[in-house]
Amino acid sequence: MTTTLTAQGPEDLLAAVPVVLGFRPAHSLVMLTFGARRTFHARVDLPPPAEVDVELPALREALLSPCLAHGVERVVLVVYADDPAVAAALAGGLVPAFEARGVGVLAVLRAHEGWWWRVPARPGESASGPAPYDDESHPFAAHAVFAGRVTHASREALRLTVAAVPEHRDRMARLVAGRPDPSPADLDGLLGVVRRWAHAPADPEDEGAAAVLRAVTRVEFRDAALGAVTRGGAAEHLRVWSHLLRTAPDAQVPDVAALVAFCAWQTGDGALAWCALDRCFAVDEDHVLGTCLAECLTRAVPPSAWEEVVDDERRSEPGSTRESG
């Protein structure tokens, strides 16, 4: 989903943050980008105050590298913190590095409990604030609701949308354990079941969910499930796989979580994709698909890149015609 917001001042920028992230951040450093070939935004956890200087090189790399890769012209940095010294240290360590590489920093803001301050980013600049802001009743929030975008109260609230439900997980574990391994013919049928769920408003039924979860650790089924996801239908598949992730036994969590992350990436919801990958890596820190998706998110690779990969594969199939020029 594409949402265009036009910000005319700090209050607008602060109201835009939860809309583009999908949740209201806390203890975070947020980067809004402008003028890129493909716009993206980023959020990282704040380091502890005593470790800001130690963590600065990694923060610079994490934020600046995708800016350079995508031709970002300008950024705004927002520090969600109660400690002005942390914001000042981040501004002092990041702004010169960004500007030295040709990425302008429009402003560094600090926000905390409904108030914002402008943080000096260059020698001679003075701080300003505090000034109030309200990101809940702002027109951007109403625009997001109208566009169908959900804004969660916190990242924790977002994380809970893909967290395990223990009583359902334990019951599903028994159902999955009692099912035989699926045959190749079964896998085709189960992929049809997933497609049916994606087109139906109801949650997957338990017996069908157990069968799909039994199959999802088979690479050929997981890859076929990936191939069934289109940009236009990613939200529906995200609903299905998110439901399955909340009930999945531990053995199935990495593959299901990776599928959730993939669907979330395709819908443009990077924050939810990271929440799903957290679950994936908690069980299998070297999961291949999860690692690939984490790299895509870290590098701000756009969802459209997957369509380009699929199109290239189709053109390279025997009997296809490749055009050049």
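Below is a short write-up of the structure. (Residues numbered from 1 in each chain as written. Predicted model: local features only at pLDDT ≥ 70, side-chain atom pairs only at ≥ 80, totals over all residues. Heavy atoms only, no water.)

**Details of the pairing of strand β3 (residues 74-80)**
Alright, step 1. A large share of β3 lies buried, amounting to six of its seven residues.
Alright, step 2. As defined by bridge partners, β3 adjoins strand β4 (residues 104-112) across seven bridges and the pair is classed as parallel. Counterpart to Val-76 in the pairing with β4 is Ala-107.
Alright, step 3. In this fold, β3 hands off to helix α3 (residues 84-100), which returns the chain to β4; that crossover is right-handed. (Buried < 20%, exposed > 50% of the residue type's maximum accessible area, 1.4 Å probe, protein only. Helix = DSSP H or I, 4+ residues; strand = E, 2+ residues; numbered from the N terminus. Pairing = 2+ DSSP bridges. Right-handed = clockwise from strand over helix to strand, strands pointing away.)

**Focus: the packing of aromatic side chains**
Alright, step 1. Scanning the model with the defined rule gives two aromatic pairs in all.
Alright, step 2. Judged by centre distance (6.0 Å) and plane angle (65 degrees), the ring pair of Phe-262 and Trp-265 falls under edge-to-face. Placement of both Phe-262 and Trp-265 in helix α11 (residues 253-267) is noted, with a separation of three residues, approximately one turn of the helix. One exposure class covers both Phe-262 and Trp-265, and it is buried.
Alright, step 3. Relative to Trp-306, the ring of Phe-262 lies with its centre 5.0 Å away and its plane at 80 degrees, an arrangement referred to as edge-to-face. Here the residue Phe-262 occupies a position in helix α11, and Trp-306 occupies one in helix α14 (residues 304-316), the gap between them amounting to 44 residues.
Alright, step 4. Given the relative accessible area of 23%, Trp-306 is considered partly exposed.
Alright, step 5. Among the aromatic residues, ring-to-ring pairing joins Phe-262, Trp-265 and Trp-306 into one connected group. (Phe/Tyr/Trp six-rings, centres within 6.5 Å; stacked < 30°, edge-to-face > 60°.)

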